[in-house]
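In case you want the letters, here they are:
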Amino acid sequence: MKPPPFEYTAPTSIPEVVALLQEHDFEAKILAGGQSLMPLLNMRLARPSILIDVARIPDLDYIRATDGSIAIGAMTRQRSVELADTVRTSHPLLYATTMHIAHPQNRNQGTLGGSIAHADPAAEYPALALLLDAEMRAVGPDGERTITATDFFITYLTTSLEAAEVLTEVRLPLLPPRTGWSIQELTRRHGDYALAGVMATITLDGGGQCTEARLVLFGVGATPIRASNAEQMLIGTKPGQTEFVAAAAKASGDLDEPLSDVHASAEYRRDLARVLTRRALAEATANAAGAA
Ligand SMILES: Cc1cc2nc3c(=O)[nH]c(=O)nc-3n(C[C@H](O)[C@H](O)[C@H](O)COP(=O)(O)OP(=O)(O)OC[C@H]3O[C@@H](n4cnc5c(N)ncnc54)[C@H](O)[C@@H]3O)c2cc1C
């Protein structure tokens, strides 16, 4: 199908974007890599009267190592994240996450900020943002503000960005020492969105005791979901199979009502969440022990 008619504009600065968003209010849509927006337009599920293309704003395209985190401009292509030396060396979890997204052709166009702003509950970057307590920076008519990941993802394809705000930067904290991580997901075909997925980090002290556990489930609800109760069960233990099984049961049991659609039933997704959580915790713990 073809999209409905729309106007097109390509500003070169962030203040211009904000002014355009204010002028057109809910009628406008920001266009980044177009990998999610163009299909929505073609299927006529979105009908903006104007597209504001942010691809020509140099201030939105960068990857910077900062104090304890990596700051990434919203318009940075996923392929640039994949190829950046600083990402591979200082944030292997970010690199691995990027490699789970779609196909090289999609990553050539798709942006990190576009994926976060789109807020698909089965997408990898929003799950990573929640896992790491990332900070999102947005600019609007009242200036800049920082939004934590917990406050950012509201529900399916909905964030706390205001209509006249543009996402400008995502800050992803680096992992602490002695930390292992794991990404587990099930897809029907390579490059598809996950039917369900789990990301985990485990931090161990010198004696092998867990000092921090982070666990996020995605593709099972309206947003990525932090499994806080399961995390708490692991802290203070020397985690092994017994702890992994118990925490995985808690994480999947705590899910309110997993998503049910043509791809998988709610029951299947709940069980998948349990199995993937157990595997993720086991791998993250083994990696943490190796890192120590
Ligand atoms: C075949 C295929 C397979 C895919 N598989 C996966 C997958 O496995 N995992 C995955 O995570 N994703 C997948 N995707 C989606 C892909 O990652 C997209 O690149 C991403 O979701 C959106 O990024 P984009 O830059 O293309 O944004 P766009 O499509 O341009 O925009 C998406 C939405 O975000 C808004 N937006 C974009 N930038 C900003 C900004 N700076 N400020 C405010 N709002 C903004 C837009 O207005 C729009 O509503 C797939 C896509 C395709 C086509």
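Calculation criteria
Residues numbered from 1 in each chain as written. Predicted model: local features only at pLDDT ≥ 70, side-chain atom pairs only at ≥ 80, totals over all residues. Heavy atoms only, no water. Helix = DSSP H or I, 4+ residues; strand = E, 2+ residues; numbered from the N terminus. Rg over C-alpha atoms; globule rule 2.2 N^0.38 Å. Buried < 20%, exposed > 50% of the residue type's maximum accessible area, 1.4 Å probe, protein only. Contact = heavy atoms within 4.5 Å. Areas by Shrake-Rupley, 256 points an atom, 1.4 Å probe, with all protein chains shown as cover. Lys, Arg positive; Asp, Glu negative; His and termini not counted. Charge placed at Lys NZ, Arg CZ, Asp CG, Glu CD. Near = heavy atom within 4 Å. Polar contact = N/O pair within 3.5 Å; in protein donor to acceptor, adjacent residues only side chain to side chain. Core = buried A, V, L, I, M, F, W, Y, C linked by side-chain atoms within 4.5 Å. Domains from an automatic or database assignment. Buried area = accessible area lost by both parts, 1.4 Å probe. Pairing = 2+ DSSP bridges.

**Some points on the overall build of the protein chain**
When its secondary structure is counted, the protein chain shows 12 helices and 14 strands. Taken over C-alpha atoms, the radius of gyration comes to 19 Å for the protein chain, in line with the 19 Å a tight globule of 292 residues would show. Expressed along its principal axes, the backbone C-alpha trace of the protein chain runs to roughly 60 × 45 × 35 Å. Relative to its 292 residues, the protein chain shows a buried fraction of 50%. Considering only residue pairs separated by 6 or more positions, the protein chain has 62% of its internal contacts joining residues 24 or more positions apart. For the protein chain, the exposed area adds up to about 13,300 Å²; of that, 50% sits on carbon and sulfur atoms. Across the protein chain, 25 positive and 34 negative side-chain charges occur, with their mean positions spaced 7 Å apart.

**Structural notes on the site of the ligand**
Taken together, 29 residues sit near the ligand, with Ile30, Gly34, Leu37, Thr111 and Glu124 positioned nearest. Between the ligand and leucine 167 there is a distance of 2.9 Å, counted from a nitrogen atom to a backbone nitrogen or oxygen. In the model, a nitrogen atom of the ligand is placed 3.2 Å from a nitrogen or oxygen of the tyrosine 193 side chain. Coverage of the ligand by the protein amounts to 88% of the 970 Å² it exposes when considered alone. Only β2 (28-31), α7 (112-118) and β10 (166-173) provide two or more residues apiece to the shell around the ligand.

**Structural notes on the nonpolar core**
Formed by 37 residues in total, the largest nonpolar core has its most connected members in Leu94, Ile116 and Met136. Going through the elements one at a time, β5 (69-73), α5 (92-99), α7, α8 (124-131), β6 (135-140), α9 (149-152), β10 and β13 (210-218) are the ones with two or more residues in this core. When residues of this core are assigned to domains, at least three map to each of domain 2 (63-173) and domain 3 (179-291). Setting aside residues no more than four positions away along its own chain, isoleucine 116 makes contact with Tyr125, Pro126, Ala129, Met136, Phe152, Phe153, Thr159, Leu167 and Val170. The next biggest cluster of nonpolar side chains, apart from the first, holds 26 residues, and it includes Val198, Ala251, Ala264 and Ala288.

**Here's the deal with the domain arrangement of the protein chain**
Reports of interface size often rely on the accessible area that becomes lost once the parts have come together. Split by domain assignment, the protein chain resolves into domain 1 (7-53), domain 2 (63-173) and domain 3 (179-291). At the junction of the two partners, domain 1 supplies 13 residues and domain 2 supplies 15 residues. For the pair domain 1 and domain 2, the two sides together bury roughly 1,100 Å², of which 76% comes from carbon and sulfur. Its largest share of buried area at the contact with domain 2, domain 1 owes to Val18, Ala32 and Gln35, together 37% of the area lost on that side.

**Digging into the pairing of strand β4 (residues 63-66)**
Note that β4 and β5 share 4 bridges and pair antiparallel. Residue pairing in the sheet places isoleucine 63 in a bridge with isoleucine 72 of β5. Joining the antiparallel neighbours β4 and β5 is a turn of 2 residues, in which glycine 68 adopts a positive phi near 80°.

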